[in-house]
Structures are given as C-alpha cells and as structure tokens.
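# Geometric and topological summary
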Amino acid sequence: MANPITKLWNKIFYHGGNRHFLLPNVDAARPDPPNEGPFGEAGPVVFGWWNRLTYGDKVATPVFYTIVGAILAILTVLEVWFFTLDDGFGSLFVPTMLVLALAKFIIVVAFFMHLRFDKNLLSLIFAAGFVIAIAVFMIVLSVHDKVNPAPLIYP
Amino acid sequence: MAQVAVEQDQHGHVADTNTGISNRKLLMWVFLASDCLFFGSFIATYLVYRNESIVGPFPNEVLDIPLTSVSTFVLLMSSLAMVLALNYVQKDRLGLARFWILSVIVLGLGFLGFQVFEFMTFVDEGLTIHQNLFGTTFFILTGFHGLHVFVGVLWLIGMLFAHSKGALTSRSSEDLEMAGLYWHFVDIVWIVIFTVIYLIGYADGEGVETIEHAATLIGG
C-alpha cells in the first residue's frame, strides 16, 4: 500500500499513477472545446465585458453615451494636437489622421447610430453603400492619377 | 405567401415586416448609404483638383484650423445631445428629451454660424466659388454639407413642435430616431471633411501647371 506521501506525489504529478501531469480541468482539454479559436478561454471573458459595456440592458444608458462622446472629443483633440506638432509625424501624418478619423467614424456609426445594437441587415446596407462609395472614390482618383501623385516640384 | 416576421427591435418597436425592421428605418439606411456616394464624389472631386489652383488664395493662406476645430467639436457634441434626446424619449422622460432636442438645434445653429463666418472671411480674403479650383470644390463640398445641417435643424425644429403638441412619446420615438440617424450621418461626413480637407489639406499651396511654372516657383 502506497504511503500518503507517494499518493500525494502521484496525485500531483502523475494523474493518479497514469504518468500524466495532473493538469487543471480546462475547457480546452475537452474533446470538443467550447471556446476553440484565437481567443481561447479568454474569449467569453473579453467579449462578455464588451457585451455588458456596449449592450447593457438592451438599450445603452446616457452614461455610456456620454463616455462615447468623451472618447470622440479626446480623439478630436488628439487629431488637432498631432496637426500642431512642428515635425508632424513625417510620412506617418496622413495615415495617423486617417486612422483617427476612421475610429471616430466607426464609433459614431456603431453606437450613436445604433448599428451595434440593431439588426445586421442595416449594417450590411450601410457597409454596401460605403464600400461602393470608396470604390468610386478610388476609381476617380486613379483615373486622374492622384493615388500616387507626382511630386509638387518637378525634379 | 411571404412569411411575416413580427419581432421587437432593441427599443421594443414591433415591425410586422419580412425583415423585422420598419420600412421607414430601412429606407433611411438605404438613403444614408446612397448619401455616402454623394459626399464621396464631392470629396474625390476636391482631391482630384487639390494643388491644381494657379491663382490664390490657397488653402494654407485661408484655412483657420483653430476656428474649425471648435466648430467640429460643436457638431460632435450635438451628436451626443441627439442620442441623449432619443434615449430619454424612449424612456418617456419627455422634459429631458425636450432639453436635449433644443440643445441639438442650438449646437447645429452654432455650427452653421461658424460656417457662415468662415465663408464670409474667405470671401473677404478673395476666395469665392469662381476664384480658383480650390474655391469651387471647397465651397461646393462644405456648402452641401452645411445645407444638410440646415435641413437637419429644420427637421429637429419640427420634432420640437411635435413634442409641444404631445405627439412625441416612447411609442413614436422612431420619428426622432429617423432625424437622429440623419443628424449623425451629417456628423460623420464632417469627421471626414475636417480630417481630409482641413488637417491633411492645410499645407496645400500653389499648384504647379508646367515644369517652367515649377521653375519660377523655386526661383530657377
């Protein structure tokens, strides 16, 4: 009969004597893990918080909207601040500005216009219009050779 | 026979349509999607003729970033006021709703005031719609945006009038939601205009017509 110390040793390190490490019983170890994917078990935690923050009690609260408004204001201040920097961001100035504008655009559309809360069909309709607009935009600029324009001062 | 879905959306509205979305709301989103093309075309046109003006004034001589930053902030906050107004109408807290609708109207008129002041300043400095390519594309783009804001203000004044008649309650909150969607769209268009035309385009100066013209610009 194994003494208590050996039993404890086997329990901790050998999974009841089967020479497998006694790993915690996690969902990922199950034959059909429920949270398989890039976020693994962190997924439900992360997205649970995201859902509670953005969805709340079906309709977001005024406090939530005020926080969103404050974030929009901060992004605008950041835009203007980057603009006033002497050296700018060099070649990163335009991409930085576009990313900040895109972030503001998405925040307003998702939360103030409720696409985050509404049916997906509405998001698809707006996205379709937006994508066609961007396509027309790029075609017009390409036709006029403005996507990679020649330098302002010729060499 | 088409199956009719009866579903409640996030505000408890029942829409007995195939999609479960009220036809008005669907139509509004289709309109907003098409309006993306409208403003996308104007912004593309502005960029096509960017740096192509031969005579001044040029963007770096007239654009006033501090003033426009304030007006951008005003329009952004009007969007916040709009969503709060809708939130309170949905909860039947009509006094607060009236306050926030009025706030949106005041902030919208404030934005229009900034725009009128900016236009008048530009005209004083010699930039008119037929002065150069910058003037033409700039006034058309921002003028149509201002027209959208003006229509939105009129719409909201109508909402306020309906409110005073007791016609705006949680049961009819979709009326205000339509106005709100339009208003927020006007806001996101300005987000793009402010970044592309004002912040990125501020450094634009005199255009180069020919190599000889470039040589004169650099003193060659």
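Residues numbered from 1 in each chain as written. Chains lettered and ligands numbered in written order. Predicted model: local features only at pLDDT ≥ 70, side-chain atom pairs only at ≥ 80, totals over all residues.

With 46 residues of chain B in contact, the opposing surface of chain A contributes 43 residues. Contributions of two or more residues to the side of chain B that touches chain A are made by α1 (23-48), α3 (65-90), α6 (173-200) and α7 (211-217) of chain B. A per-element tally of the side of chain B that touches chain A places α1(B) first, with 13 residues. Residues belonging to the side of chain B that touches chain A are distributed by class as follows: 29 nonpolar, 15 polar and two charged. (Contact = placed C-beta atoms within 7 Å. Helix = DSSP H or I, 4+ residues; strand = E, 2+ residues; numbered from the N terminus. Nonpolar A, V, L, I, M, F, W, Y, C, P; charged D, E, K, R; others polar.)

Let us look at the nonpolar core. With 69 residues, the main nonpolar core has B:Ala81, B:Leu84, B:Ala85, B:Trp100, B:Ile101 and B:Val104 as its most contacted residues. Of all the elements in the fold, those that place two or more residues in this core are α3 (62-84), α4 (93-112) and α5 (120-143) of chain A together with α1, α3, α4 (94-124), α5 (133-164) and α6 of chain B. Top contributing element to this core by residue count: α6(B), with 16 residues. The contacts of B:Leu84, once residues within four sequence positions are left out, are A:Pro62, A:Tyr65 and B:Trp100. (Core = buried A, V, L, I, M, F, W, Y, C linked by C-beta atoms within 7 Å. Buried ≥ 20, exposed ≤ 12 C-beta atoms within 10 Å, placed from the backbone.)

With 26 residues, α1(B) extends 38 Å between its outermost C-alpha atoms, agreeing within 8% with the 38 Å of an ideal straight helix rising 1.5 Å per residue. Those residues of α1(B) not exposed but buried are B:Lys25, B:Met28, B:Trp29, B:Leu32, B:Ala33, B:Cys36, B:Phe39, B:Gly40, B:Ile43, B:Ala44, B:Tyr46 and B:Leu47. Packing partners of the buried residues in α1(B) comprise α5 of chain A together with α5 and α6 of chain B. (Expected span 1.5 Å × (residues − 1).)

These figures come from the coordinates and say nothing about function on their own.
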